[in-house]
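Each chain, letter by letter, is given below.
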Amino acid sequence: MYSALGKKGVVYSSCRMPGSVPANGEATWPKDVGVIALEIYFPSQYVDQAELEQFDGVSAGKYTAGLGQARMGFCSDREDINSLCLTVVQRLMEQNGLSYDQVGRLEVGTETIIDKSKSVKTVVMQLFEESGNTDVEGIDTTNACYGGTAALFNAVNWVESSSWDGRYALVVAGDIAVYATGSARPTGGAGAIAMLIGPNAPLAFDRGLRGTHMQHAYDFYKPDMGSEYPVVDGKLSIKCYLSALDRCYAVYRNKIHAQWQREGVDRRFSLEDFGYMVFHSPYCKLVQKSLARLLLNDFLSHTSPDTETGPFSGLEAFRDVKLEDTYFDRDVEKAFMKASTEMFEQKTKASLLVSSQNGNMYTPSVYGCLASVLAQHAPQDLAGQRIGLFSYGSGFAATLYSLRVSQDATPGSGLDKLCASLFDLKARLDSRRKVSPAVFADNLQLREKTHHLAPYVPQGSVEDLFPGTWYLTRVDEKHRREYARRSLNDSDRPLEAGMVNSTTASEHIPSPVKKMPRIPASTAGPEAVTISNGDH
């Protein structure tokens, strides 16, 4: 398995609990912290974007060819951010045979705020009641579409810190993205992602390789607490997104160059060094333009690019352009999109499966793209690759970072299990129910009229939800929300909120230090904990 610590790490065994400080007092952290398991949830219904073009009376291809969107998932009034997160967390736990007492941190990233005080995380704690585990750190993190990434970083930092008690961290990113009638409406979507974070992960964080950019702008924001709809400055939002990408990529490259120099490696980092590159996807066409933008960055930073052959062929005319002048330069955009066509096909196109078929999920967006890559490639093709991820949240906050895929792709390995858990992703997308644009519009109008209404009983069909989906049953006069779960067995009655019984057989594992699913057997017991010592 790939080690994020490189050759300098000193590995030793200890009878101490994972995360405890050894006798010599040196800084320690577990090895290869990252994503061990990943689950995705999206609504059971969608609207076809080509049909929506006709319904909205816009030119054919505006949403499909122009934005790169094929379908858009959406929620009825039966689903809210709490139900989305309940659903994806319980699905991840059941699918991986995990017990709730194995989780020591639960962090939620979302911008779909339904309460200004009570966190979504505390609602999800209903799932933990049967286990008796209330010792679970973490709450909600909010900054537009960046909240999920901030939650993920918090979880990774916890596992690598002296606060870690040996249990897993669980990260949930979820949102319902809806817009008022108009040009932005086809860029909506909905869904949630849950990620299990721990050591010896098949997707390990590249230590020290994060390029972050934070700046103030009113490009997209939600100042009206009585509405789900944002205020959007579309042109400014695109400029902020692309400028953040430029800055983050520059910082990332500087950090990896410094790392390579310390290791005696004398060469330049470029887009070619990413096996796959995934982006936050407001709409698919922007992602394609963003990959072209990274190629432009490589071209302008290169001291002597070859414009006769290779990816920079024929681009000599753009040698003296300035990045800050090119955000809306059609000639530059067209030239570099053409030059990056092959890279896009190889490194990024597969990541747009969920984005094109379900739309923008906000905080889960970039992780839906990661799931799409894992679902469509064999473990052997992914093994050893570096995956670049760019996360952007309006307002604005952005980070470009990378994950290293385990070298071990053998049957039964962590990587093999992770890919296998997502093999049915396309089939799940195809199993959704298509509804007409009129029904879609009616649903959004109903959500608009009943937003924060109390008391309220939802009108949407429960039978149309996927089996195992949590849904809203009522909002009482004090705005307290009650939920139930649609059974995994269609013939059963829905389960009441707080009950986590399942028709899926799963092993109850009372202590994570005795057995951690997906973590190699060498770390199964407290007597064989592997801890590495190296550079942050």
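Residues numbered from 1 in each chain as written. Predicted model: local features only at pLDDT ≥ 70, side-chain atom pairs only at ≥ 80, totals over all residues. Heavy atoms only, no water.

The chain goes by Hydroxymethylglutaryl-CoA synthase in an unreviewed UniProt entry, where it is assigned to Esox lucius. The Sequence similarities (unreviewed entry) comment attached to the chain in UniProt states, word for word, "Belongs to the thiolase-like superfamily. HMG-CoA synthase family." What UniProt states about the chain under its Catalytic activity (unreviewed entry) heading is, verbatim, "acetoacetyl-CoA + acetyl-CoA + H2O = (3S)-3-hydroxy-3-methylglutaryl-CoA + CoA + H(+)". (UniProt positions renumbered as here; feature names shortened; annotations may be inferred.)

A.B. asks: Help me understand unusual backbone geometry, please; the structure alone is not making it clear to me.
C.D. replies: For residues besides glycine, phi is generally negative; the peptide bonds are generally trans as well. A cis amide bond links G395 to the next residue, F396, at an omega of -5°. When you line up the elements, F396 lands in the loop between β14 (386-393) and β15 (397-405). A454 connects to P455 through a cis peptide bond whose omega is -5°. In this structure, A144 takes a positive phi of about 50° despite not being glycine. The backbone of N200 sits at a positive phi, close to 55°, despite the residue not being glycine. (Helix = DSSP H or I, 4+ residues; strand = E, 2+ residues; numbered from the N terminus.)

A.B. asks: Would you explain the nonpolar core in this entry?
C.D. replies: One broad rule of soluble globular proteins: the nonpolar side chains tend to lie buried together. I197, F336 and F390 are the most contacted members of the largest nonpolar core, which totals 145 residues. Apart from the residues within four sequence positions on either side, F336 is in contact with A292, L295, L296, F299, L315 and F318. Core analysis: the next-biggest nonpolar cluster, separate from the first, contains five residues, C145, A177, F220 and Y362 among them. (Core = buried A, V, L, I, M, F, W, Y, C linked by side-chain atoms within 4.5 Å. Buried < 20%, exposed > 50% of the residue type's maximum accessible area, 1.4 Å probe, protein only. Contact = heavy atoms within 4.5 Å.)

A.B. asks: Help me out: how do you make sense of helix α5 (residues 234-262) in this one?
C.D. replies: Residue pairs spaced three or four apart in an α-helix point in one direction, given the helix's 3.6 residues per turn. For α5, spanning 29 residues, the distance from its first C-alpha to its last is 42 Å, which sits close to the expected 42 Å at 1.5 Å a residue. G264 lies just past α5 and shows a positive phi near 80°. (Expected span 1.5 Å × (residues − 1).)

A.B. asks: I'm lost on the environment of Y401 in this one. Help?
C.D. replies: With respect to the element layout, Y401 can be found in strand β15. Sequence separation of Y401 and R210 is 191 residues, and the distance between their C-alpha atoms is 4.5 Å. Side chain to side chain, Y401 and Y367 meet in a polar contact 2.9 Å long. (Polar contact = N/O pair within 3.5 Å; in protein donor to acceptor, adjacent residues only side chain to side chain.)

A.B. asks: Please clarify how the UniProt feature "active site" (unreviewed entry) in the chain should be interpreted in this entry.
C.D. replies: UniProt tags E111, C145 and H280 as "active site" (unreviewed entry). Lining the largest pocket, from this annotated set, are E111. Here E111 is to be found in the loop between β6 (103-109) and α3 (120-124). Owing to a relative accessible area of 7%, E111 belongs among the buried residues under this scheme. Not counting residues within four places of it along the chain, the set of residues in contact with E111 comprises T142, A144, C145, D175, F220, K222, Y362 and T363. Summarising the element assignment, C145 is placed in the loop between β7 (140-141) and α4 (147-159). Residues contacting C145, with those up to four places away along its chain left out, are E111, H280, Y362, T363, S391, Y392, G393 and S394. (1 Å grid on protein atoms, 1.4 Å probe; cavity = no way out; pocket = protein on both sides within 12 Å on 5 of 7 lines; lining within 4 Å.)

A.B. asks: What's the story with the confidence of the model for the chain in this structure? I'm lost.
C.D. replies: A low pLDDT score tells you not to read the predicted coordinates there in detail. Overall, the prediction assigns the chain a mean pLDDT of 88, with 86% of residues at 70 or greater. When the criterion is pLDDT under 50, residues 1-26 qualifies, and its contacts beyond four places in sequence or with other chains add up to 63 contacts. (pLDDT = per-residue confidence, 0-100.)

A.B. asks: What should I look at first to understand the side chain of R293 in this one?
C.D. replies: Looking at the secondary structure, you find R293 in helix α6 (residues 284-301). Owing to a relative accessible area of 6%, R293 belongs among the buried residues under this scheme. If near-sequence neighbours (up to four positions away) are discounted, R293 is found in contact with L242, L245, D246, L323, T326 and Y327.

A.B. asks: Would you take a moment to explain the sheet that holds strand β16 (residues 433-435) for this structure?
C.D. replies: Strand order in this open sheet of three strands is β5-β4-β16, and the pairing throughout is mixed. Only two strands of the sheet have a single partner each, and these edge strands are β5 (71-73) and β16. Neighbour to neighbour, the strand axes of the sheet diverge by 40° on average, direction disregarded. The pairing of strand β4 (residues 45-48) with β16 spans three bridges and is classified as parallel. (Pairing = 2+ DSSP bridges. Axes fitted to C-alpha atoms, helices over the stretch in contact; angles between N-to-C directions.)

A.B. asks: Which parts of the structure should I look at to understand the UniProt feature "binding site: CoA" (unreviewed entry) in the chain?
C.D. replies: When the UniProt feature table is mapped onto this chain numbering, "binding site: CoA" (unreviewed entry) sits at S237, K285 and K289. A maximum C-alpha distance of 14.5 Å among these annotated residues, which run over 53 residues, shows that they cluster at one spot. Lining the second largest pocket, from the residues named above, are S237 and K289. Position of K285 relative to the elements: it lies in helix α6. Once residues within four sequence positions are removed from consideration, K285 is found in contact with A65, G66, L67, G68 and M337. By the element assignment, K289 lies in helix α6. If near-sequence neighbours (up to four positions away) are discounted, K289 is found in contact with E333 and M337.

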